[in-house]
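Survey of secondary and tertiary structure
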Amino acid sequence: MTTSVNSKPETKLTDVERIKTDSKHLRGSLTQSLLDRETGAIATDDTQLSKFHGIYQQDNRDIRAERKKQKLEPAYSFMIRVRVPGGVMSSEQWLAMDELATTHANNTLRITTRQAIQFHGVVKKNLKQTIASINDSLMDTIAACGDVNRNVMCTPNPVQSRLHSEVYELSAKLSEHLTPKTNAYHEIWLDKKKLLDTKSEQEPIYGDTYLPRKFKIGIAIPPRNDVDVFTQDLGFIAIMTEGQLLGFNVVAGGGMGMSHGEPDTYPRLASVIGFCPPDKINEVAEKVVTVQRDYGDRTNRKHARLKYTIDDRGLDWFTEEVNKRLGWTLQQAKPYEFNSRGDRLGWTYGTDGLWHLTVHISNGRLVDGPDGKLLTGMRKIAETHQGEIRLTANQNLIVAGIPSGNRNAVQSIAEAHGLIDKQLSRLVSNAIACVAFPTCGLAMAESERYMPSLLEKIDGLLDANGLKNVPIVSRMTGCPNGCARPYAAEIGFVGKAPGRYNLYLGASFVGDRLNTLYKENIDEAEILESLEPIFADYASNQKEGERFGDYVIRAGYVTATANRSHEVSNVV
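1. Here's the deal with the pairing of strand β16 (residues 388–391)
Across three bridges, the pairing between strand β3 (residues 88–90) and β16 is antiparallel. Its bridge partner being in β16, V88 is matched across the sheet by R390.

As structure tokens, this is what we get:
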């Protein structure tokens, strides 16, 4: 494979490119690192390669300084991410994940914002056994992280059950199509036969150095944009006529990551580039991936996502290049409309004649604690439920495919274990957050652990202004990398320093407009002081049905941002 880059010929490639090139298709020295009992860590180069296997090395930052004072190495452990294409798994697979959470991962299980599962706190000696157990459940962690296509997202909406099944099958096949073909994963973690000559091994889509950066795909079924399709590197929007799937509008170039103080980095929403029939989805995705493989920037990882490739060379150039590789031309995009991004909590009756229960999981964390025995409750449900468990992009859970005769039993278990919160506010039900402290090495501020208390105070402001039942999309991340998609929130919080955040306002309720920086580097008191008069103004002057994100633009608090936003306050 020929690898081209958007840079001058003399510009040096990043060190990660060297690591990938020398890795023998993602093997590196991972086997030796796992055998080294002198440290809880793995070799430095292997920390990059382990990501392709779904593993991040982390340490507990809450006790980092104390351990350093005691002349101890950091308290290393590993995050393991399990791919769940389309967010669909069986009850048996849920129980297998539950067992791993309670035996190797500090008794918690986390649903990610990409419909995957994360385990935290797995120590090195348990890594291999944990991944082997995941494989035994017919799941895997390969390509859950790293410079490849990651978990393919798909709307889990149970109301459109027949169409969901058809689109989900396409998402699962697409995920398989873009999975790396190296045998390294099976050799290292599952003790399969080793290749004597790795040079003969082929990666027909990715080539020897894989992609310049991570790549994300999501598939949405209007009218719900619950996968935030415009935040994806590549998105597919299902187009239906009289309940029949005609094909997909194709969108490309989305991405949330940026860096504070670096205006050349920015979040971007994907652009619509055309339409394709259902049977062409794998082909289109492959060609888009290969364009990014060949033209993405391998000299600067902060400039390596597809959004920069498109902006550097132009959307017309990109679309033409994709069409050229396809050997046929994407058709003109077809009309569609989104009306929401959130999950429909509670019971819904599907077109399949079965019931579906969607339960809210605060920031995706299932744990037995003072607010409920969530992990135990889901275990009891899965032990009696024969249908599916679906993970949503809003970090919630759907117990799907429940016969009418089992509905009351599931309801009773859910209520008894705190899985149903009848007092849940509309603000909280539309909020998501990243992990941040104590495990994420990139975190600058709290997110998951802090957001609930902040939202409680914001809820008080909304209630005081008669806005308690108004749905507002809010997101929080502990750093600007944007894992919880904060730049696509009507109210976004992005960590700047411990206890301090950038406040963003004005994204659209349905996710087709970014927000704009309103206040920079403010603490909780300043956040509440900033929001209180805006809520009062909104309560008094909103038009009928006007969303909060639309109002702050009309009222002049911020100017509208289309599909690309810099970290520059745009206050009028």
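2. Points about the state of the cysteines
If you walk through the whole model with that rule in mind, you get zero disulfides. The structure places no disulfide on C154, whose sulfur is separated from the nearest cysteine sulfur, that of C276, by 14 Å. Among the residues examined, C154 registers a relative accessible area of 0% and is labelled buried. Of the cysteine sulfurs around C434, a residue in no disulfide, the closest is that of C483, at 6.2 Å.

3. A short note on the packing of aromatic side chains
Going through the model one piece at a time under the given rule, you end up with 15 aromatic pairs. On the basis of an interplanar angle of 55° and a centroid distance of 4.9 Å, the ring pair of Y349 and W355 is categorised as tilted. Between the aromatic rings of Y518 and Y557, the centroid separation amounts to 6.5 Å while the plane-to-plane angle is 80°, which identifies the pairing as edge-to-face. Separated by 39 residues along the polypeptide, Y518 in strand β22 (residues 516–522) and Y557 in the segment after α17 (548–554) bring together distant segments of the chain. Among the residues examined, Y518 registers a relative accessible area of 13% and is labelled buried. What makes Y557 buried here is its relative accessible area of 17%. Within the aromatic cluster, the residues linked to one another by ring pairs are F535, Y538, F548 and Y551. Residue placement shows R313 over the ring face of W317; its charged tip is 5.1 Å from the ring centre.

4. Topic: unusual backbone geometry
The peptide bond linking P222 to P223 adopts the cis configuration, its omega dihedral lying at 15°. Mapped onto the secondary structure, P223 falls in the loop between β7 (217–220) and β8 (234–241). Residue P438 is bonded to the preceding F437 through a cis peptide linkage, with omega at 10°. By secondary structure assignment, the location of P438 is in the loop between β18 (431–433) and α15 (451–464). Despite not being glycine, L138 shows a phi value in the positive range, around 65°. Its place among the elements puts L138 in the loop between α6 (127–136) and β6 (153–154). One non-glycine residue, Y210, lies in the positive phi region at around 55°. In this structure, Y210 sits in the loop between α8 (184–190) and β7. By relative accessible area, which is 0% here, Y210 ends up buried.

5. What about the confidence of the model for the protein?
Mean pLDDT over the protein stands at 94; residues scoring 70 or higher make up 96%. The low-confidence segment residues 1–9, where pLDDT is below 50, has 27 contacts with residues more than four positions distant or belonging to other chains.

6. Side note on the nonpolar core
Taken as a class, soluble globular proteins show a tendency for nonpolar side chains to be buried jointly. Of all hydrophobic cores here, the largest spans 94 residues; its most connected members are W94, M97, F119, F236, F248, L366 and L397. Looking at this core element by element, the count peaks at seven residues for helix α9 (residues 281–295). Once residues within four sequence positions are removed from consideration, M97 is found in contact with V82, M89, L109, I117, F119, I134, S137 and M139. Ranked by size, the runner-up nonpolar core spans 33 residues in total, among them A445, L461, M476 and V558.

7. Some thoughts on helix α11 (residues 315–326)
Between the first and last C-alpha of α11 there are 16 Å, a value that for twelve residues agrees with the 16 Å anticipated at 1.5 Å per step. Buried residues along α11 sit against β9 (244–252), β10 (271–276), α9 and α10 (306–313).

8. Some words on the sheet that holds strand β21 (residues 500–505)
Strand order in the open sheet formed by five strands is β18-β19-β20-β21-β22, with mixed pairing between adjacent strands. Whereas interior strands pair on both sides, the edge strands pair on one side only; in this sheet they are β18 and β22. Each strand axis lies, on average, 15° off the axis of its neighbour in the sheet, ignoring direction. Two strands pair when backbone bridges link them, and strand β19 (residues 474–477) and strand β20 (residues 491–497) are joined in this way by four bridges, in the parallel orientation. When the sheet's bridge partners are listed, S474 is paired in β20 with I491. Contacting β18, β19 and β20, α15 runs over the sheet at an angle of about 145° to β19. Where helix α16 (residues 524–541) meets the sheet, it contacts β20, β21 and β22, and its direction lies at approximately 145° from that of β22.

9. Thoughts on the side chain of T108
Among the secondary structure elements, T108 is positioned in the loop between α5 (91–104) and β4 (109–111). Reaching out from T108, the side chain makes a polar contact with the side chain of R365 at a distance of 3.4 Å.

10. So, the pairing of β10
Counted residue by residue, β10 has five buried out of six residues, so it is predominantly covered. Sheet topology places β9 next to β10; five bridges connect them, and they run antiparallel. Bridge assignment links V250 to a residue of β10, and that residue is G274.

11. Topic: the sheet that holds β16
The strands that make up a sheet pair up through hydrogen bonds in the backbone, lying either parallel or antiparallel. As summarised here, the arrangement of the five strands in space is β3-β16-β17-β12-β11, forming an open sheet in which the pairing is antiparallel. Of all the strands in the sheet, just β3 and β11 (346–349) have a single pairing partner and so form its edges. Neighbour-to-neighbour, the strand axes of this sheet turn through a mean angle of 25°, independent of strand direction. In the sheet, β11 pairs with strand β12 (residues 355–359) via four bridges, with the strands oriented antiparallel.

What counts as what
- Residues numbered from 1 in each chain as written.
- Predicted model: local features only at pLDDT ≥ 70, side-chain atom pairs only at ≥ 80, totals over all residues.
- Heavy atoms only, no water.
- Pairing = 2+ DSSP bridges.
- Helix = DSSP H or I, 4+ residues; strand = E, 2+ residues; numbered from the N terminus.
- Disulfide = S-S within 2.5 Å.
- Buried < 20%, exposed > 50% of the residue type's maximum accessible area, 1.4 Å probe, protein only.
- Phe/Tyr/Trp six-rings, centres within 6.5 Å; stacked < 30°, edge-to-face > 60°.
- Lys NZ or Arg CZ within 6 Å of the ring centre and 35° of its normal.
- pLDDT = per-residue confidence, 0-100.
- Contact = heavy atoms within 4.5 Å.
- Core = buried A, V, L, I, M, F, W, Y, C linked by side-chain atoms within 4.5 Å.
- Expected span 1.5 Å × (residues − 1).
- Axes fitted to C-alpha atoms, helices over the stretch in contact; angles between N-to-C directions.
- Polar contact = N/O pair within 3.5 Å; in protein donor to acceptor, adjacent residues only side chain to side chain.

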